[in-house]
Amino acid sequence: MRAARYYDQKDIRIEDIPEMELLPGTVEIEVAWCGICGTDLHEYLEGPIFVPPAGHPHPISGESAPVTLGHEFSGTVTALGEGVTDLKVGENVVVEPYIINDDVDTSKGQSYHLSKDMNFIGLGGRGGGLSEKIVVKRRWVHPIGDIPLDQAALIEPLSVGHHAFVRSEAKAGQVAIVGGAGPIGLLTAAVLKAEGLTVYISELSEARKAKARETGVADDVFDPREVNVAEKVRELTSGKGADVGFECSSVPVVLDMLLDAVKPGGVVVNVSIWGHKPAVDMPKIVLKEIDLRGTIGYAGDHPDTIALVQSGKLDLAPFITGRIGLDELVSGGFEQLINNNEHHVKIIVNPKA
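This structure is a prediction, so every number in the text was calculated from the model and none was measured.

Rules used in this analysis
- Residues numbered from 1 in each chain as written.
- Predicted model: local features only at pLDDT ≥ 70, side-chain atom pairs only at ≥ 80, totals over all residues.
- Heavy atoms only, no water.
- Helix = DSSP H or I, 4+ residues; strand = E, 2+ residues; numbered from the N terminus.
- Rg over C-alpha atoms; globule rule 2.2 N^0.38 Å.
- Buried < 20%, exposed > 50% of the residue type's maximum accessible area, 1.4 Å probe, protein only.
- Contact = heavy atoms within 4.5 Å.
- Areas by Shrake-Rupley, 256 points an atom, 1.4 Å probe, with all protein chains shown as cover.
- Lys, Arg positive; Asp, Glu negative; His and termini not counted.
- Charge placed at Lys NZ, Arg CZ, Asp CG, Glu CD.
- Axes fitted to C-alpha atoms, helices over the stretch in contact; angles between N-to-C directions.
- Parallel < 35°, antiparallel > 145°, perpendicular 65-115°, else oblique.
- Left-handed = near helix turned anticlockwise from the far one by under 90°.
- Phe/Tyr/Trp six-rings, centres within 6.5 Å; stacked < 30°, edge-to-face > 60°.

Student: An account of the overall build of the protein chain is requested, with residue identities and associated values reported.
Tutor: Helix and strand counts for the protein chain come out as 10 helices and 18 strands. Here the C-alpha atoms of the protein chain give a radius of gyration of 20 Å, agreeing with the 20 Å that 2.2 N^0.38 yields for 353 residues. Relative to its full complement of 353 residues, the protein chain shows a buried share of 54%. Considering only contacts within the protein chain whose residues lie at least 6 apart along the sequence, 70% involve residues at least 24 apart. Carbon and sulfur atoms form 50% of the exposed surface of the protein chain, whose accessible area is close to 14,600 Å². Taken as two groups, the 32 positive and 50 negative side-chain charges of the protein chain have centres that lie 4 Å from each other.

Here it is in structure tokens:
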């Protein structure tokens, strides 16, 4: 089968590789669509990061570069390994792409995503969504019902936003301020809006501001060059401030704005991945008793995220801004996201095209 293989920084090759073996307790999936994630982009430009470098195999997968890329994908079940009785061939599914030890409890309420040596399918080995087929363990496979397969490729990043929402403990009727309208910022805002919050977004990019308005994920969008965002949020909340803030930019001034914009006793959730250590306004955190929380990935969020999409409260179609075949992965995918990133939310790839 054909697959996109990561060898090293700026070295991704489309190659023919053997199909993966169907083992007991596993599921074979024909991949329909796979999204290109910001993490993939970081691997391409700056890696290897999550990808184990050649000669240094991951302690769980036992694999190192080259590995097959792709962890945001949807597809159709084509075969079931021995012992798998609760799925059907022909069923459409998505994959929660974790690599964790077999003895880690993945039942509801467990923080299995924080377990030792955690990595991701499509980065740390065990195949990837940028291939024609993949075989994964049953526990990572989630049926999606009638959600279109192209939109279902966005369930994985949407689950990141859902997990951030859960970490915030926000409730319907509250007010949220989201810092940054990149892909994760927009999808986090989409979850918040679908969960019944009033959502404000702070963003500089004209294209991203337009996308936030077009998708309806925000009640209003503010440009910090034009208004003091924190003061505007207080004005709209009768002087109180937002109940929750979400940092989705990895920009220090955005974090500062969020700490200013939330109410005393409010919560700020950091969703973005930082490549450096920012200065943090600890006096403000102390004097306002702000709860600053980290979040990574998801844990038990996929079923609730899928149900949210199935409810019709959240439309994923507007977030798909490009569709390409596997041969276009670098030129039409990675290079587009590097050179034209403001105009893209999610580029999805058909591995069979």
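So, next bit.
Student: Help me get a handle on the packing of helix H3 (residues 155–168) against helix H4 (residues 183–194), residues and values and all.
Tutor: The relative placement of two packed helices is expressed as an angle between their axes plus a distance between the axes. Running from N to C, H3 and H4 point in directions that differ by 60°, and their axes come no closer than 8 Å. Here H3 is positioned oblique relative to H4, judged by the angle of their axes. For the pair H3 and H4, the crossing hand works out as right-handed. Here Pro-157, Leu-158, Val-160, Gly-161, His-162 and Phe-165 of H3 come into contact with H4, specifically with Ile-184, Leu-187, Thr-188, Val-191 and Leu-192.

Student: Which residues make up the packing of aromatic side chains, and what values go with them?
Tutor: Applying the stated criterion across every chain, the model contains 8 aromatic pairs. Here Phe-50 and Phe-120 contribute two aromatic rings whose centre-to-centre distance is 5.6 Å and whose plane-to-plane angle is 80°, an arrangement assigned as edge-to-face. Note that Phe-50 is positioned in the loop between helix H1 (38–46) and strand S4 (67–68) and Phe-120 in strand S8 (residues 119–120), a separation of 70 residues in sequence. Phe-50 gets classed as partly exposed once you look at its relative accessible area, which sits at 31%. According to the relative accessible area criterion, Phe-120 is buried, its value standing at 8%. With 5.8 Å between their ring centres and 70° between their planes, Tyr-98 and Trp-140 make a pair best called edge-to-face. Of the two residues, Tyr-98 sits in strand S7 (residues 98–99) while Trp-140 sits in the loop between strand S9 (133–137) and strand S10 (141–143), which places them 42 residues apart along the sequence. Each member of the pair, Tyr-98 together with Trp-140, is buried. Through successive ring pairs, a cluster of aromatic residues spans Phe-50, Tyr-98, Tyr-112, Phe-120, Trp-140 and Tyr-298.

Function-wise, these values are silent; they only describe arrangement.
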